[in-house]
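So you can see what is in the structure, the chains are spelled out below.
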Amino acid sequence: MADSINNNRAQFATRLGIIATTVGSAVGLGNIWRFPYEAGNNGGGAFLLCYILCIVILGIPVLCAEFAIGRSTQSNIFGAFRALKASGKWHWVGYIGILASIMILSFYSVVAGWTMEYLYQSIVGGLNFKNIDAFHSHFSTFSTSNWRPIMWTVLFLLCNYIIVVRGVKKGIEKMSNIMIPALFVLLIIFCINSLMMPNASEGLTFLFTPDFSKITPKVVVSALGQAFFSLSLGLGTMMTYGSYFSKDTHIVRSATITASLDTLVAILAGLIIFPAVFSFGMSPVQGPALVFEVLPSIFAQMPGGQIWSILFFFLLFLASLSSTISMSEVSIAFLSEEKKMSRTKASTLNLAVALVGGVLSALSFGYLSNLNFFGLFDINFFNFFDFTSSNILLPLGGMLISIFAGWILERSRLKDTLTNGGKIGVRTFSLLVLCLKYLAPICIMLIFLLGLGIF
Ligand code: PFF
């Protein structure tokens, strides 16, 4: 069956543009901020091993499925399930995606706001401390303050709004074409610098030598969540991007390259952070503060540190923006294409909800840090949004998408899309179907049960 092509829909201009844009969504704070702190909290090598397994066995197949469904239907997640005449409640996967995208946008904007503060401080020379303790107290004073993090969160959400309200494709493609290669170059330079620090080898051992006794249900659940978060999977973002692919885009190859580059960035971030952590004599278990304490300390020791710091935080800010633009598209496409709202109204509504979530998340480190639900349990909005979206909603969405692609979508249509109507050979087709039909749903379900303590 031929793909239904809607000629009015924007398409990416070049092959590099496709890769740069999908990598632009995938690469962001998830790789550079979240991966090191999750790896630090979950035993280093044990976490990395589980993470890579999740990317290869679950991430790449689900990414192929999202791309294929998106390109085949040329539609957002709701329209896609409708176009494929999915009966029943399949559009609920779209609602899961919207909920996840709003939650992620809320806490992600806070961290992107921290990036803006560090960019600003680098420019005005406010990060000239001599030791890691000074960076530690600088971060905790800043992040627990009641107005500065909120100010940056709001500013970041406004930047995001200005871009998404205009409709996005051309801008992101151009920006990602430059930003992603530049980020790579910087990361490689920092990596070489970290590897030359005293005791760097302890950091390498921590990251690359898995201690199997550390593989607990929590580590596996976190690795699964990190894999989906990092690949922007399970909420329809990559489906929307797949809908902008041209008819001759090689889906399996694009998915594999995107996942490989994304994983490479995460590993590079680990190679920068952990040698430095051990060199400074710190513990890797620092939570969300890890990268914001370690990276500026590294820059402070490098010749020309201020320039490196400005360049890095600027690129990280752009990388965060290309990720939030892609996640905003999930709810904006729903409101504008399904609910027929104007793009401006849809973007404004998305902004309003994210502002509430963003302020609650920003205050989770300061004013709301001791919030308690009627004395029953503590509420930390930042952690709640992060945990619920990454570790529950995204894998759940991914599981449903793989079940859909493996069991409901006509096999001939899937094959036709993946092989571009038979023009290219996809040798891994049967393996991919096996993953989508059995492996991904079963593994994700087992990991959920494991996480709930049912095993
Ligand atoms: N993959 C992004 C990162 O690693 O920073 C985060 C993300 C973007 C998650 C877009 C979900 C999404 F839809």
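To start, this report covers the structure provided alongside it.

### Some thoughts on the overall build of the protein chain
Here is step 1: Scanning the protein chain for helices and strands turns up 18 helices and two strands.
Here is step 2: Against the globule reference of 23 Å for 455 residues, the protein chain gives a C-alpha radius of gyration of 21 Å, in line with a compact fold.
Here is step 3: By principal-axis analysis of the C-alpha atoms, the protein chain measures approximately 65 × 50 × 50 Å.
Here is step 4: For the protein chain, the proportion of its 455 residues judged to be buried stands at 61%.
Here is step 5: For the protein chain, the distance from the average position of its 27 positive side-chain charges to the average position of its 18 negative side-chain charges is 11 Å.

### Quick look at the pattern of salt bridges
Here is step 1: A complete count under the given rule lists six salt bridges for this structure.
Here is step 2: The salt bridge partner of Arg 148 is Glu 117, with a shortest N-O separation of 2.8 Å. Of this pair, Arg 148 sits in helix α7 (residues 148-165) while Glu 117 sits in helix α5 (residues 92-123), placing them 31 residues apart in sequence.
Here is step 3: A relative accessible area of 2% means that Glu 117 is categorised as buried.
Here is step 4: The partner of Glu 329 in a salt bridge is Arg 343, with the nearest N and O atoms 3.1 Å apart.

### So, empty space enclosed by the protein
Here is step 1: On inspection of all chains with the given rule, the structure shows three cavities of 30 Å³ or more.
Here is step 2: Contributions of two or more residues to the lining of the largest cavity are made by α1 (15-26), α2 (29-41), α5 and α14 (305-338).

### Notes on the site of the ligand
Here is step 1: Taken together, 16 residues are adjacent to the ligand, and Ala 26, Gly 30, Tyr 108, Phe 229 and Thr 237 come closest.
Here is step 2: Phe 229 places a main-chain nitrogen or oxygen 2.8 Å from a nitrogen atom of the ligand.
Here is step 3: Contact distances for the ligand include 3.0 Å between a nitrogen atom and a side-chain N or O atom of Ser 232.
Here is step 4: Its free accessible area being 340 Å², the ligand has 100% of it covered by the protein chains.
Here is step 5: Because more than half of its atoms lie within 2 Å of the grid, the ligand is assigned to the largest cavity.
Here is step 6: Secondary-structure elements contributing two or more residues to the shell around the ligand are α1, α2, α5, α10 (217-230) and α14.
Here is step 7: Tallied by class, residues from the shell around the ligand come to seven nonpolar, nine polar and no charged.

### A look at the layout of surface pockets
Here is step 1: Its boundaries defined by the atoms lining it, the largest pocket holds a volume of some 300 Å³.
Here is step 2: Along its surface, the largest pocket is lined by 17 residues, and Glu 38, Lys 218, Ser 222, Phe 387 and Asn 391 are the ones closest to its centre.
Here is step 3: At the level of secondary structure, the elements contributing two or more residues to the lining of the largest pocket comprise α2, α10, α16 (381-408) and α18 (429-451).
Here is step 4: Partitioning the lining of the largest pocket into residue classes produces six nonpolar, seven polar and four charged.

### Details of the packing of α2 against helix α12 (residues 251-279)
Here is step 1: The contact between α2 and α12 brings their axes to 9 Å, and the two run at 65 degrees. As α2 runs across α12, the sense of the crossing is right-handed. In this structure, α2 contributes Asn 31, Ile 32, Phe 35, Pro 36, Ala 39 and Gly 40 to the contact, and α12 contributes Asp 262, Val 265, Ala 266, Ala 269, Gly 270, Ile 273 and Phe 274.
Here is step 2: For the contact of α2 with α12, the class distribution of residues is nine nonpolar, three polar and one charged.

### Notes on the packing of α1 against α12
Here is step 1: Where α1 meets α12, the closest approach of the two axes is 9 Å, and the angle between their N-to-C directions is 45 degrees. The angle between the axes of α1 and α12 places the two elements in the oblique class. The way α1 lies across α12 gives a crossing that is right-handed. On α12, the residues touching Arg 15, Ile 19, Thr 22, Val 23 and Ala 26 of α1 are Arg 253, Ser 254, Ile 257, Thr 258, Leu 261 and Asp 262.
Here is step 2: Grouping the constituent residues of the contact of α1 with α12 by class yields five nonpolar, three polar and three charged.

Rules used in this analysis
- Residues numbered from 1 in each chain as written.
- Predicted model: local features only at pLDDT ≥ 70, side-chain atom pairs only at ≥ 80, totals over all residues.
- Heavy atoms only, no water.
- Helix = DSSP H or I, 4+ residues; strand = E, 2+ residues; numbered from the N terminus.
- Rg over C-alpha atoms; globule rule 2.2 N^0.38 Å.
- Buried < 20%, exposed > 50% of the residue type's maximum accessible area, 1.4 Å probe, protein only.
- Lys, Arg positive; Asp, Glu negative; His and termini not counted.
- Charge placed at Lys NZ, Arg CZ, Asp CG, Glu CD.
- Salt bridge = Lys/Arg side-chain N within 4 Å of Asp/Glu carboxyl O.
- 1 Å grid on protein atoms, 1.4 Å probe; cavity = no way out; pocket = protein on both sides within 12 Å on 5 of 7 lines; lining within 4 Å.
- Points joined across faces, edges and corners; volume = space filled by probe spheres on them.
- Near = heavy atom within 4 Å.
- Polar contact = N/O pair within 3.5 Å; in protein donor to acceptor, adjacent residues only side chain to side chain.
- Areas by Shrake-Rupley, 256 points an atom, 1.4 Å probe, with all protein chains shown as cover.
- Sits in = over half its atoms within 2 Å of the grid points.
- Nonpolar A, V, L, I, M, F, W, Y, C, P; charged D, E, K, R; others polar.
- Axes fitted to C-alpha atoms, helices over the stretch in contact; angles between N-to-C directions.
- Left-handed = near helix turned anticlockwise from the far one by under 90°.
- Contact = heavy atoms within 4.5 Å.
- Parallel < 35°, antiparallel > 145°, perpendicular 65-115°, else oblique.

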